[in-house]
Amino acid sequence: MTRFLPRTAPPIRAGGLVAATALLLAAAPPTAASAAPTAAAPVVALGGPAQTALHPYAEGGDGPKRSTARITVTGADDTAYEGEFTVTIDLTGAAGVADVAFAPEAGIECAATAPGSATCTGHGISPGRSTVTDLLLTAAEGSEQGDTGTVRVTGEARGAAFTPFTTEVTVGGPDLVMHRLPFDHEPVPGQQQQAPITFTNRGSRAAEGVVLTLRHSRGLDIPQRYSNCAYTTDGAWTTARCTVEGAFEAGATYTLAAPLTLKTTDRAYRDIFGYGIHEAGASAGTARGATAARAARGPAGGSDDVLRAVPAPRPTAARALDLEPGDNEHEADFRTENTADFVAYGDTASGRAGATVTARLGFRNDGPAWIGHLRSGESVAAVDFTVPQGATVTSAPEGCRGVSAEGTALPTGRTGPAPRYVCPTPATVRDDGGLDLAFGLRIDKVLLGAVGRVVVRGPEPRAAGLPFDPDPGNNAARVVLNGESGGPSPAPPEGPGDDAPGTPAPATPTPGAAGAGDTAAPGAAPNTATGNGGSLAATGSPTARAASGLAVAALTAGLVLFTAARRRRGA
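Predicted model, so just to flag it, every value in this text is computed and none were measured. (Residues numbered from 1 in each chain as written. Predicted model: local features only at pLDDT ≥ 70, side-chain atom pairs only at ≥ 80, totals over all residues. Heavy atoms only, no water.)

Caption draft 1: Geometry of the overall build of the protein chain. Counting its secondary structure elements, the protein chain contains two helices and 40 strands. In the protein chain, which comprises 571 residues, the share counted as buried stands at 49%. Of all intrachain contacts in the protein chain linking residues separated by at least 6 positions in sequence, the fraction that spans at least 24 positions is 83%. With an accessible surface of roughly 25,400 Å², the protein chain has 52% of that area assigned to carbon and sulfur atoms. (Helix = DSSP H or I, 4+ residues; strand = E, 2+ residues; numbered from the N terminus. Buried < 20%, exposed > 50% of the residue type's maximum accessible area, 1.4 Å probe, protein only. Contact = heavy atoms within 4.5 Å. Areas by Shrake-Rupley, 256 points an atom, 1.4 Å probe, with all protein chains shown as cover.)

Structure (structure tokens):
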């Protein structure tokens, strides 16, 4: 979280006031020369939750239960401000409805300045969104369920304009709490588990309709489809949002009329299932339900079945009220014993000295599992490419970094092509997917059978293995320039376990029949070739292009996560 520039100040509580606080920024240094904005005044936006529900006031016990509303300020993306600012909080619109105390960030001081108002002052704000304060809200003594009030927050500073913010506080409301499901977290492919979604309304009024959200990663599936659910798939995730109409009474527990089925598919490896419940709202329930029904009957496939929630057969253990949104949803992690075969591929080409070719190389995932680091977001693997002798990289895919021939970082300040490149994958690699890389190579000197090595390995050299890969022998391949034939180049005989992954296969290319300024080596196609399922396009002199009858342009280098890797399976 971005924080304000430090200036220590103890939290100040403004009891008997109502909700909201905020921060601002900005201002040029307090000199006459800087008092006026240099160009357009920067705009600082105050923000927070549009609405906050309060637990009804209760006499005695441990005192009123608090709700928290976090107030934020969003400054310019690329500019930090260090001047003084003042935030004014108008509490008159919530008088008699809510009391508020402030827990400001370090460097912010808040105090009551007059009946029904308070100010917060500070110095400096960083770019982006920052937390100003947490408003600690409680229902005021004498308030009743349904009472509503507003708090308006404004700000000012030299040389900055502030967008005001208003938050609404309401006494009472539903508190939907999702129950955690007892899954087997180490399933096997094909295993099915029941998911009897159950939730309780621990609030003070009924929820007018609910929206059940189900989200699972690629290795899981929910075979049932319902007409009141909208289904979307985005990359590694599938999400179902199901609108269930009805009044869900305070104090009651509900479960699905029929439990869902969570299936572990053949592609499962490390997967996540999330399930949450939120109020739909009386006016929104019907419209959302209709939208969901139309979406479910679209391309995702629909059903006439309707997902329904009914009262649970017996109540669950009581628990104190908790309006924190964390109680509305849970996530379950699954670890499935499965494998994914990452298969490296390279390419071949021939050309004159000075010609530029485009080498397509990378790997494909032959499955059956997909691999994803959903929690950490770290790369699944890396492609390690050692450039063939006699060639220079003219263009490398975005995200690939040049390293020394030994795989170490290049000296600080060094620019230009490198003898070796490491290209990380994204955090997920689908089954039937992989990584397709395009390198531009200039042939500086024609060497017969110049060999470069392609290795798919772990993301870090010190952890080069792929623990999920059952066949490390196919993790390496070659890129060959001016070979004795224009045919495909097999992978090196040594696997990743036989020498350090990514190091060049031992080879001493000999000068080919074609030297600088001569034609390509005999038997090699001068402009195009196909190897290991990929093709390499070369650009040479106009004479060479005319002799081949082809007009081939160098392909633009690019790095893409691809599902079309299946086209290389036949190589």
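Still more ground to cover, so stick around.
Caption draft 2: Representation of the packing of aromatic side chains within the structure. Evaluated as defined, the whole model comprises twelve aromatic pairs. For the ring pair F248 and Y254, a centre distance of 4.9 Å and an interplane angle of 80 degrees mean the geometry is edge-to-face. Since its relative accessible area comes to 3%, F248 is described here as buried. Centroid distance F273 to Y275: 5.3 Å. Interplanar angle 20 degrees. Geometry classified as stacked. A single burial state applies to F273 and to Y275, both of which are buried. Above the plane of the ring of Y231 lies R225, whose end atom (NZ or CZ) is 4.5 Å from the centre. Taking the ring centre of Y269 as reference, the NZ or CZ of R270 above it sits at 4.1 Å. (Phe/Tyr/Trp six-rings, centres within 6.5 Å; stacked < 30°, edge-to-face > 60°. Lys NZ or Arg CZ within 6 Å of the ring centre and 35° of its normal.)

Caption draft 3: Here's a closer look at the confidence of the model for the protein chain. Averaged over every residue, the pLDDT of the protein chain is 75; the share at 70 or more is 69%. Under a pLDDT of 50 for its full length, residues 282-302 has, in the predicted model, 29 contacts with residues more than four places off or in other chains. (pLDDT = per-residue confidence, 0-100.)

Caption draft 4: Representation of the environment of G473 in the model. As for its placement among the helices and strands, G473 is situated in the loop between strand 35 (450-457) and strand 36 (476-481). Residue G473 is classed as partly exposed on the basis of its relative accessible area, which comes to 45%. Between the C-alpha atoms of G473 and A344, which are 129 residues apart in sequence, the distance is 9.7 Å.

Caption draft 5: Fine view of the nonpolar core. F342, L361, F439 and L441 are the most contacted members of the largest nonpolar core, which has 39 residues in total. Listing elements by their share of this core, those giving two or more residues are strand 24 (340-345), strand 26 (356-368), strand 28 (382-386), strand 29 (391-395), strand 31 (420-424), strand 33 (434-443), strand 35 and strand 36. Setting aside anything within four residues of it in sequence, one finds L361 in contact with Y345, G346, V383, F385, L435, D436, L437, F439, V454 and V479. (Core = buried A, V, L, I, M, F, W, Y, C linked by side-chain atoms within 4.5 Å.)

Caption draft 6: Molecular detail of the sheet that holds strand 31. Read across the sheet, six strands follow the order 25-36-35-28-31-30 without closing on themselves; strand pairing throughout is mixed. With one partner strand each, in any of the chains shown, strand 25 (347-349) and strand 30 (401-403) form the two edges of the open sheet. Across the sheet, the axes of successive neighbouring strands diverge by a mean angle of 20 degrees, strand direction being ignored. Across six bridges, strand 35 lies against strand 36 in antiparallel orientation. Within strand 36, the residue paired with G452 across the bridge is V479. (Pairing = 2+ DSSP bridges. Axes fitted to C-alpha atoms, helices over the stretch in contact; angles between N-to-C directions.)

Caption draft 7: The state of the cysteines, seen in detail. Taken as a whole, this structure holds three disulfides when the rule is applied. Paired by a disulfide, C229 and C242 hold their sulfur atoms 2.0 Å apart. With the S-S bond torsion at 110 degrees, the cross-link from C229 to C242 turns out right-handed. Taken together, the positions of C229 in strand 17 (residues 229-234) and C242 in strand 18 (residues 237-248) put the pair 13 residues apart, joining distant regions of the chain. Exposure remark for C242: the relative accessible area of 1% places this residue in the buried category. (Disulfide = S-S within 2.5 Å.)

Caption draft 8: Summary view of the sheet that holds strand 16 (residues 220-221). Strand order in the open sheet formed by three strands is 13-20-16, and the pairing between neighbours is antiparallel. Each edge of the open sheet carries a strand with a single partner, namely strand 13 (192-195) and strand 16. Pairing analysis gives four bridges linking strand 13 to strand 20 (residues 260-264), with the strands arranged antiparallel. Paired with A195 across the strands is L260, a residue of strand 20.

Caption draft 9: View of the pairing of strand 15 (residues 207-217). Counted residue by residue, strand 15 has eight buried out of eleven residues, so it is predominantly covered. In this sheet, strand 18 lies alongside strand 15 in antiparallel orientation, the contact comprising ten bridges. When the bridges of strand 18 are listed, S217 appears paired with W237. Sheet topology places strand 15 next to strand 21 (residues 270-279); seven bridges connect them, and they run antiparallel. Note on strand 21: the bridge partner recorded for T213 is G276.

Caption draft 10: Spatial organisation of unusual backbone geometry. Residues G367 and P368 are joined by a peptide bond in cis, for which omega reads 10 degrees. With respect to the element layout, P368 can be found in strand 26. Not every positive phi belongs to a glycine, and D432 is a case in point at roughly 70 degrees. On the secondary structure map, D432 appears in the loop between strand 32 (428-429) and strand 33. In this structure, N482 takes a positive phi of about 55 degrees despite not being glycine. Looking at the element boundaries, N482 is found in the loop between strand 36 and strand 37 (510-511).

Caption draft 11: How the structure looks around the environment of D366. One can find D366 in strand 26. For the pair D366 and D431, spaced 65 residues apart in sequence, the C-alpha separation works out to 6.4 Å. Among the polar contacts made by the side chain of D366, one reaches the side chain of R364 at a distance of 3.0 Å. (Polar contact = N/O pair within 3.5 Å; in protein donor to acceptor, adjacent residues only side chain to side chain.)

Caption draft 12: Main features of the pattern of salt bridges. Tallying each qualifying case throughout the model produces twelve salt bridges. A salt bridge links D431 to R218; the nearest nitrogen and oxygen atoms lie 2.7 Å apart. Residue D431 is located in the loop between strand 32 and strand 33, and its partner R218 is located in the loop between strand 15 and strand 16; the two are separated by 213 residues in the primary sequence. By relative accessible area, which is 12% here, D431 ends up buried. With a shortest N-O distance of 2.8 Å, R375 and E331 are connected by a salt bridge. Taken together, the residues R375 in the loop between strand 27 (371-372) and strand 28 and E331 in strand 23 (residues 329-335) connect sequence positions 44 residues apart. (Salt bridge = Lys/Arg side-chain N within 4 Å of Asp/Glu carboxyl O.)

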